Amino acid sequence: MEAVHTPVLLNECLSYLSPEGEPFEHDAYMIDSTLGEGGHTFNFLTKFPSLKITGLDADCEIQKRAKERLSVFGDRVSFYNGWSKDFYSSYDLTSRRPDIILFDLGISVFHYERSGRGFSFRHDEELDMRLNPSEGESAKDIVNGWEEKRLADMIYAYSDERYSRRIASAICEVRRASVISGTKALAEIIWSAVPASYRHGQIHPATRTFQALRIQVNGELKNLLKTIHDAFNCLNINGKMGVITFHSLEDRIVKNYFRNLSRQCVCPPEEPVCTCGGKPCAELITRKAVEPTEEEIRSNSPSRSAKLRVVRKLRDADIKRFSVTEAV
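Reading guide: rules and limits
- Numbering of residues starts from 1 in each chain and follows the order in which that chain's sequence is written.
- Where local features are concerned, this predicted model is filtered to residues with pLDDT of at least 70; where side-chain atom pairs are given and counted, the filter is 80 or more; whole-chain, interface and lining totals use all residues.
- For side-chain calculations, the full set of non-hydrogen atoms in the structure is used, while hydrogens and water are omitted.
- In the sections that follow, a salt bridge refers to a side-chain nitrogen of Lys or Arg positioned within 4 Å of a carboxyl oxygen of Asp or Glu.
- Numbering goes from the N terminus for both helices and strands, where a helix is a DSSP run of H or I of at least four residues and a strand is a run of E of at least two.
- Each residue is assigned to one of three classes by its accessible area relative to the maximum for its type, calculated with a 1.4 Å probe on protein chains only: buried under 20%, partly exposed between the two thresholds, exposed over 50%.
- Strands pair, by our definition, only if DSSP identifies at least two bridges between them.
- Note on handedness: a clockwise path from strand one over the helix to strand two, with the strands aimed away from the viewer, defines a right-handed crossover.
- Classification of ring pairs rests on two measures: the distance between centres of Phe, Tyr or Trp rings, Trp counted by its six-membered ring, which must be within 6.5 Å, and the angle between planes, read as stacked under 30 degrees, edge-to-face over 60 and tilted in between.
- Note on geometry: a ring has a charge over it if NZ (lysine) or CZ (arginine) is within 6 Å of the ring centre and within 35 degrees of the ring normal.

Asks: Is there a simple way to explain the pattern of salt bridges in this structure?
Replies: It is possible for side chains bearing opposite charge to pair when their charged atoms get close. Per the stated rule, a full pass over the model turns up 16 salt bridges. Note that E37 is salt-bridged to R65, the shortest N-O span being 2.8 Å. Separated by 28 residues along the polypeptide, E37 in the loop between β1 (29-32) and α2 (39-47) and R65 in helix α3 (residues 60-70) bring together distant segments of the chain. Across the pair, exposure class does not vary: E37 and R65 are buried alike. Between D86 and K85 there is a salt bridge, and its shortest N-O distance comes to 3.3 Å.

Asks: I keep staring at the pairing of β1 and nothing clicks. Help me out?
Replies: Residues in a regular strand project their side chains so that they alternate between the two faces of the sheet. Residues of β1 alternate between two faces, with Y29 and I31 on one and M30 and D32 on the opposite face, all of them buried. Where β1 and strand β2 (residues 52-57) come together, 4 bridges link them in parallel fashion. Directly across from M30, in β2, lies its bridge partner I53. Taken together, β1, α2 and β2 constitute a β-α-β crossover, and its handedness is right-handed. Bridge analysis of β1 against strand β4 (residues 100-104) gives 3 bridges, and the strand direction is parallel. Residue pairing across strands places M30 opposite I100, the latter belonging to β4.

Asks: I tried to follow the packing of aromatic side chains on my own but got confused; where do I start?
Replies: In this structure the tally under the stated criterion is 9 aromatic pairs. Pairing F42 with F73 gives two aromatic rings, centres 5.4 Å apart and planes at 80°, and the pair type is edge-to-face. With a gap of 31 residues between them, F42 in helix α2 and F73 in the loop between α3 and β3 (77-81) connect regions that are remote in the sequence. Overall, F42 belongs to the partly exposed group, its relative accessible area being 28%. F73 sits in the buried class, given a relative accessible area of 13%. Ring geometry for F121 and F210: centres 5.0 Å apart, planes at 75°, overall edge-to-face. Taken together, the residues span a long stretch of sequence, with F121 in the loop between α5 (109-113) and α6 (139-145) and F210 in helix α10 (residues 207-218) at a distance of 89 residues. With respect to burial, F121 and F210 carry one shared label: buried. Taken together, the ring pairs in this structure connect Y80, F87, Y88, Y91 and F103 into an aromatic cluster. Over the ring of W146 we find R150, and its NZ or CZ is 3.5 Å from the ring centre.

Any functional reading would require information beyond the geometric quantities listed.
Listed below in structure tokens is the structure:
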């Protein structure tokens, strides 16, 4: 099977998340929380012959592609079709715990180029953007159904689009006459809504609005903090978790959560004495985010905004102790 998507920061993931030490190097178990077409999993299974992996994905279509690609590994790989938030929140902690967990929060190139669900305005497709097309509101539902202020606030919150109010106003004006159903139509509305000087920047003026819609449709930020927290508590002691982010909103959530995990004391500032035990829950393996090399950016342009952060678990964490509130 020809893969459409190239995994980002692959060498860095293989290095920082490698099974190491007893018993991991001889009998390690990994969960790929965002399997996609299986690029990271394929390379982990190839490089570490004793490793077993479970791959999670909410999109049954892309998971079919991954199953075909990974079939050569037999029973070393298993699959879960569903959201990672549901998988980790209901994980049976009496069963085998993972030694490695990876999240790649980017959207696969497959979704932009082959899914036909309107993730990109490069193709004229139905506005959908759902990773699981059978669940929740589509982008079309939001664009045609949300009141103007709510729409503008969402676009700004999830993309920092400075013309969010002009864009929302233009969308509401057009939809009074007809339903906005396609990506090209929406992109043209946005193009016409923004000032002429804004139309010829580094990115198309519709890029940020499409990002915001995708984030809203799939609950990408709303669920992120709890999902990575639940995943962390599923890890074996001394196990490692890595998260690859692609924009500042999600990276801020991951950075702050990992930073708080590594603190000696995570009590709220107003508490007069420490009640949390004064022990860190994790060791920061990457003190700063790991970014792609210039060579990777040249060969795989979607990697340009990627950042990898990795921690090693020391003990379970209580989410009530953490002051991270950036999840939207």
